[in-house]
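Survey of secondary and tertiary structure
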Amino acid sequence: MRTRVLLGAVAAGLLVLGCGGDSTGPPPPQPVPGELAVTVSGGGAFAGIFLTVTGSGITAPAASGGASLYYDMSGGTLSATVVGSTLSGEVLRFSVPDVGDASDYVVAVQQVAGTSNQPLSPGGFSATVSVAP
Amino acid sequence: MRFEMRVRSRWLRRGALVAAGLFAAHAAPTGESAAGPAAALAQQSSVSGHLTSVWEDPLPEQGTPRLRHFLSRHTGEMVPLQVTDSQLRAVGGAEGAVGQYVEVKGSWRGPRRTPGASADRELEVSSIRYSAAPTGAFAEPQGAPIYGSQPWVTVLCRFSDYPTAEPHALSWYQDLLGGNEPELDHYWREVSFDQVNVAGSVAHGWYDLPHEKAYYVNDSTRVSNLSLLKEDCAAVADADIYFPDYVGINFQFNESLAGYSWGGGSTLNIDGVSRFYRVTWMSDWADQFVYGHEMGHGFGLPHSSGPYGAVYDSDWDVMSGARNFNDPTYGWIGPHTISYHKEDLGWIPADRVYDATLGTSATITLHRLGDMSAPGDYMMARIPREDGTYYTVEARRIVGYDTYLPAEAVVLHHVTNRAFVVDPDNDGDPNDDGAQWIPGETFVDAANGVTVTVESQVAEGFLVTIALMEPGHIEFDPTSLAFATEQGTDPAPQTFALQNTGTGDMDWTAIDDAAWLELDQTSGTVVSGESVDITATVATDGLAEGTYNAIVTVSGNADNSPQILSVSLEVTAAPVLTLVAEPIDLEVVVGVDPPPHEVLIRNDGGAELTWSASSDAAWMTFSRGSGTLAPGASEVDSVVISVDGLDLGDYSGTLTFTGNATNSPLTLAASISVVESPSIALDGTLEFEAWEGDSPPEGVILTVGNDGGGTLAWTASADQPWVDLSFSEGSLAPGGASTIRVTVDGSGLAAGTHTATISVSGNADDSPQTKPVQFVANARPVMAAADVADHLMGVRDVLTAEEVDYLDEIGNGNGAFDVGDFRAWLQFTGMLGSIRQGSGEEVAP
């Protein structure tokens, strides 16, 4: 998953480069501040997750669905641990300067725990970043 | 022989029923003649004709059935008779007289029948005698046996003051006569085993009678003029019906006939023919059951019932009150009639009737009474009695019109002048368990030597064993027993002879009603003329002074069964010595005296007891050794055992208690084994460790051993409540060992080291022995959630190795600190969910 998100970021960079060489084209889009959401799927029921999000300008992280969030944003990476009764789908939101750069944010699942606190394989889960609805 | 006579009697009655059709034509046109001077004898008349009877059946709970007697005359007139049973005996009795041609003399009672009169006058009989039947008699109806086509006509008549009332339409009555279940042609075919049918029966009406109901029926006296009802109803329908085409006539009226319906027979002179018909008179409420019942009377059947004086209380017979099922179209539906009736009408052939004979016992299969299609099996059994009556035995199963019987069972009837259900429990209900004979049950009429045992239920009936034996006769010699004794002493046994002075062998049983009395035999067989000696033994234990009475009840197949032998017991007061003590059988450690052994001495007699005790062993003495006890009193003495000077080994002795009691002396045996002292050996390390507030999951074994000689009796206990022992006492042979599982409950203990002591005590010279218990309750690490989260996410290594281990231990225990451990710790500390919803806790510094 991390690989797919990184490829998306490279493609977006090439497109900006092309437009910059055409002065007669439309003006570049203006940044749109807003929230991005991290959604987790696959792997069955879980109740705790530790993940990292890499990208610029992350602020105001918050857990979704009433879960509890512990986080750290030092070093330009958001390290977040979300725990709750049960978790599914969207687990985390955070604010960014431009939601148009959503594809620039890379999320990685580090650890997952089941509802009985048993460890679950992170490889069984995937996480994506998208503009929060 | 008795039974054969009975059969003849019944066949005489059949002949009488046949004769009922032979009506005389010679009677005077008025049917009566003056018999004396005008003043005194003006009301004396002489009338001749055939005696007939009609069963009068009321609605349930609304009247008493009666068998009414009439003189049927050739004109069709029915003359009601006031006649007594004793008068009828002059012409064969109430049963045998029916159908006889007789001359009756008597006085008229009530007004002569005239238009407007509701009831006919009755002839109060003063004498009755046989008379010669005239010649030229008309065709007779078929008497028993009754086979083949029996067409009936149902004539529907309305009273003139009820011109529109019709309890049912004509089609209902026509259909009721039909061949579909439960219609009457279908019904009589099944009941008669297809030997009788009423095919060709028709219904006509409704016709209007010329008079109001009161002309025929007096509701206040509950008397109906059956003759008028019959004649007028037949007359108004005559244009449509040729009556001689039918054997029976159901006169159906559209109002209640004073609460009754009737069934029987009567003459009718119509369509140019004077003859005898089977006749019923039906009230408006008549349904399928009533039709079946009254037509049964028309066929000559009487009632059957339970033995309780009621008539309609048997659910086993349509000829009683068996309204067992209510059909939505035809109302109450009747069951089959009983075997006595079926055989009486000739529907059960002789080779399907088992007639028990004296001195025989046979096991037979009784086929269910509702069906005779399968050949071979008996349909009924008859068992004669000494008094000339007899029992019938029949199998009833839940099939066909018997579907709604009280149960599947063998049913017995006692047949006298009619049949009564045999119901020995005498509870007033002839339909319940007491009248239902099922496998394993036996009916016994000892006086008549009759036993009927239901062996099993088979596919189409029941297997029964029927025995008819000459009864025995019970006599005792002596006729009573009298015992006398003092308290505490049993009297000598006594013997009495049970004699069979009857003509048959006798199976007998004997029971007594006293706990103090016992018989050496309680059952057996005594052949005729022989006897058996029975010995009675009396046990007076616990009996106070006084007189006691008991009875021995001997039952069997005897004509005087049961008989009672009285037994008396006179107990006079005397002291009775009673000892209550545990056995003295001890293992004693050398040099160590055991505790004193208590013996309770009690006086169970009625006089003062003086007692003394002695020992034949020097090592065993009494603390008191003698005493005096009032009646009922008791006291305790102690047996003191001293092993001082005794070497290892076994010793025995006897304690003897004497006194003025008749049961003195009494002894107690004592034995001891002098053994070396046991020694308590404990093994095990009782150390526990857990987090504060937790309990160690596993217990630790403490072994208790006996390293000495002799049996070790031990007990164990702990001095702290948080220590628990799986068991705490036992005994160990030399060299033996037991294990105790020791657990601790540290949930209420603070962090720190806690200690306790387990003590094991016993009859060992090194008792007690102790074992220390240690429980270390480790304090739980105190951590900030931010630090734990930081450590988890690798932001900062702020936790010690012990803290990380702790987190994993209360978490998933997989040997590594992970998000599952973090969540578990949050749960344990109550912090899970404490973060405000939607926000987060920044754990970075």
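Everything numeric in this text was worked out from a predicted model, so none of it was measured.

1. Here's the deal with the overall build of chain A
A tally of helices and strands in chain A yields one helix and nine strands. Evaluated residue by residue, chain A yields a buried proportion of 40% over its 133 residues. Considering only contacts within chain A whose residues lie at least 6 apart along the sequence, 75% involve residues at least 24 apart. Accessible surface, chain A: about 6,300 Å² in total, of which carbon and sulfur atoms supply 61%.

2. As for the state of the cysteines
All names here are of chain B. Taken as a whole, this structure holds one disulfide over all chains when the rule is applied. Here C157 is linked by a disulfide to C233, with a sulfur-sulfur distance of 2.0 Å. Here the disulfide of C157 and C233 is right-handed, its torsion about the S-S bond being about 95°. Of this pair, C157 sits in strand β8 (residues 152–158) while C233 sits in helix α8 (residues 226–237), placing them 76 residues apart in sequence.

3. Considering the interface of chain B and chain A
Each side of the interface is counted separately: chain B has 29 residues, and chain A has 27 residues. Surface buried jointly by chain B and chain A totals about 2,100 Å² across both partners, of which 59% is contributed by carbon and sulfur atoms. Our enumeration of links across chain B and chain A arrives at zero salt bridges. Across the chain B-chain A interface, the total number found is eight residue pairs in polar contact (both at pLDDT 80 or more).

4. Section: the pairing of strand β44 (residues 649–659) of chain B
Residue and element names in this part refer to chain B. As paired strands, strand β40 (residues 609–615) and β44 are joined by five bridges and run antiparallel to one another. Looking across to β44, one finds that S612 is bridged to T658. Here β44 pairs with strand β45 (residues 666–675) via nine bridges, running antiparallel. Pairing of L655 across the sheet is with L668, part of β45. Between the antiparallel neighbours β44 and β45 lie six residues.

5. So, the packing of aromatic side chains
Residues and elements named next belong to chain B. Counted by the stated rule, this structure contains 28 aromatic pairs over all chains. A centroid spacing of 5.9 Å and a plane angle of 85° characterise the contact between W152 and F299, whose relative ring orientation is edge-to-face. Here F299 lies in the loop between α9 (288–298) and β16 (304–305) and W152 lies in strand β8, a separation of 147 residues in the sequence. Measuring from ring centre to ring centre gives 6.3 Å for W188 and W347, while their planes differ by 65°; the resulting arrangement is edge-to-face. Here W347 lies in the loop between α10 (339–344) and β19 (353–355) and W188 lies in helix α6 (residues 184–191), a separation of 159 residues in the sequence. Per residue, the accessibility class of W188 equals that of W347, and both read buried. Following the ring pairs from residue to residue traces out a cluster consisting of W152, Y187, W188, F299, W347 and Y401.

6. What to know about unusual backbone geometry
Cis geometry is found at the peptide bond from B:G205 to B:W206, where omega equals 0°. Position of B:W206 among the secondary structure elements: in strand β10 (residues 202–208). If you check the backbone angles, A:A60 has positive phi at about 50° while not being a glycine. The topology assignment puts A:A60 in strand β3 (residues 59–63). For A:A60, a relative accessible area of 48% puts it in the partly exposed group. Positioned with a positive phi, B:F193 is a non-glycine residue whose angle comes to about 60°. For B:F193, the location among the structural elements is in the loop between α6 and β9 (196–197).

7. Regarding the confidence of the model for chain B
Mean pLDDT over chain B: 86, with 88% of residues reaching 70 or higher. In this model, residues 115–119 of chain B is a region of pLDDT below 50 whose contacts with residues beyond four sequence positions or in other chains number 17 contacts.

8. Focus: the sheet that holds strand β34 (residues 531–538) of chain B
Residues and elements named next belong to chain B. Spatially, β28-β30-β34-β32 is the arrangement adopted by the four strands of the open sheet, whose pairing is antiparallel. Whereas interior strands pair on both sides, the edge strands pair on one side only; in this sheet they are β28 (474–477) and β32 (517–519). Going across the sheet, the axis of each strand differs from the next one's by a mean of 30°, ignoring polarity. Pairing of strand β30 (residues 494–500) with β34, which is carried by six bridges, proceeds in the antiparallel orientation. For L498, the partnering residue across the bridge sits in β34 and is V532.

9. Considering the nonpolar core
Residues and elements named next belong to chain B. W188 and Y291 are the most contacted members of the largest nonpolar core, which has 40 residues in total. Going through the elements one at a time, β8, α5 (170–176), α6, β10 and α9 are the ones with two or more residues in this core. Every residue in contact with W188, bar those within four places of it in the chain, is listed here: V196, V198, G292, M295, G296, F299 and W347. Counting residues in hydrophobic clusters, the runner-up holds 33 residues, among them M78, Y216, I241 and F253.

10. Some words on the packing of α6(B) against α9(B)
All names here are of chain B. Here α6 crosses α9 at 55°, and the two axes come no closer than 11 Å. Classified by the angle between their axes, α6 and α9 sit oblique to one another. You can see that α6 and α9 cross each other, and the crossing is right-handed. Residues L184, Y187 and W188 of α6 pack against Q288, Y291, G292, M295 and G296 of α9. Of the residues in the contact of α6 with α9, the class split is five nonpolar, three polar and no charged.

11. Some thoughts on the confidence of the model for chain A
Scored by pLDDT, chain A has a mean of 80; 78% of the residues are at 70 or more. At the level of individual helices and strands, chain A shows its lowest average pLDDT in helix α1 (residues 2–20) of chain A, which scores 30, and its highest in strand β7 (residues 106–113) of chain A, which scores 96.

12. Topic: helix α13 (residues 819–829) of chain B
Across the eleven residues of α13(B), eight count as buried, placing the element largely inside the fold. Considered for burial, the residues of α13(B) that qualify are B:V819, B:G820, B:D821, B:F822, B:R823, B:A824, B:W825 and B:L826. Where α13(B) is buried, its residues touch β2 (46–54), β4 (68–72), β5 (77–87) and β7 of chain A together with α11 (785–793) and α12 (801–810) of chain B. The N-capping residue of α13(B), defined by a side-chain oxygen 3.1 Å from the backbone nitrogen of B:G820, is B:D818. Just downstream of α13(B), B:G830 is the residue with a positive phi angle, here 80°.

13. A word on the pattern of salt bridges
In this structure the tally under the stated criterion is 19 salt bridges over all chains. Linking A:R93 and A:E90 is a salt bridge whose minimum nitrogen-to-oxygen distance equals 2.6 Å. One salt bridge connects B:R189 with B:D194, and the closest N-O pair in it is separated by 3.4 Å. One network of salt bridges, with partners in common, ties together A:E35, A:E90 and A:R93.

14. Some thoughts on the side chain of B:S320
All names here are of chain B. If you trace the backbone, S320 turns up in the loop between β16 and β17 (325–327). A relative accessible area of 0% places S320 in the buried class. A distance of 3.4 Å separates a polar atom in the side chain of S320 from the backbone nitrogen of D313. With near-sequence residues (within four places) excluded, S320 lies in contact with F289, H293, S304, S305, V311, Y312, D313 and S314.

15. Considering the sheet that holds strand β6 (residues 89–96) of chain A
Residues and elements named next belong to chain A. What the four strands build is an open sheet, ordered β3-β6-β1-β9; its pairing is antiparallel. The two strands at the open ends of the sheet, each matched to only one other strand, are β3 and β9 (126–131). In this sheet, adjacent strand axes meet at a mean angle of 20° when their direction is disregarded.

16. Structural notes on α11(B)
All names here are of chain B. In terms of residue burial, α11 counts as a mostly covered element, since eight of its nine residues are buried. Turning to α11, its buried residues are A785, A786, V788, A789, D790, H791, L792 and M793. Once α11 finishes, G794 follows within two positions and takes phi at roughly 75°, a positive value.

17. Details of the environment of B:W332
Residues and elements named next belong to chain B. Within the fold, W332 resides in strand β18 (residues 331–333). The spacing of W332 and D287 is 45 residues in sequence and 6.3 Å in space, taken between C-alpha atoms. For W332, the contacting residues outside a window of four places in its chain are D287, Q288, F289, R323, N324, F325, N326 and D327.

Thresholds applied
Residues numbered from 1 in each chain as written. Chains lettered and ligands numbered in written order. Predicted model: local features only at pLDDT ≥ 70, side-chain atom pairs only at ≥ 80, totals over all residues. Heavy atoms only, no water. Helix = DSSP H or I, 4+ residues; strand = E, 2+ residues; numbered from the N terminus. Buried < 20%, exposed > 50% of the residue type's maximum accessible area, 1.4 Å probe, protein only. Contact = heavy atoms within 4.5 Å. Areas by Shrake-Rupley, 256 points an atom, 1.4 Å probe, with all protein chains shown as cover. Disulfide = S-S within 2.5 Å. Buried area = accessible area lost by both parts, 1.4 Å probe. Salt bridge = Lys/Arg side-chain N within 4 Å of Asp/Glu carboxyl O. Polar contact = N/O pair within 3.5 Å; in protein donor to acceptor, adjacent residues only side chain to side chain. Pairing = 2+ DSSP bridges. Phe/Tyr/Trp six-rings, centres within 6.5 Å; stacked < 30°, edge-to-face > 60°. pLDDT = per-residue confidence, 0-100. Axes fitted to C-alpha atoms, helices over the stretch in contact; angles between N-to-C directions. Core = buried A, V, L, I, M, F, W, Y, C linked by side-chain atoms within 4.5 Å. Parallel < 35°, antiparallel > 145°, perpendicular 65-115°, else oblique. Left-handed = near helix turned anticlockwise from the far one by under 90°. Nonpolar A, V, L, I, M, F, W, Y, C, P; charged D, E, K, R; others polar.

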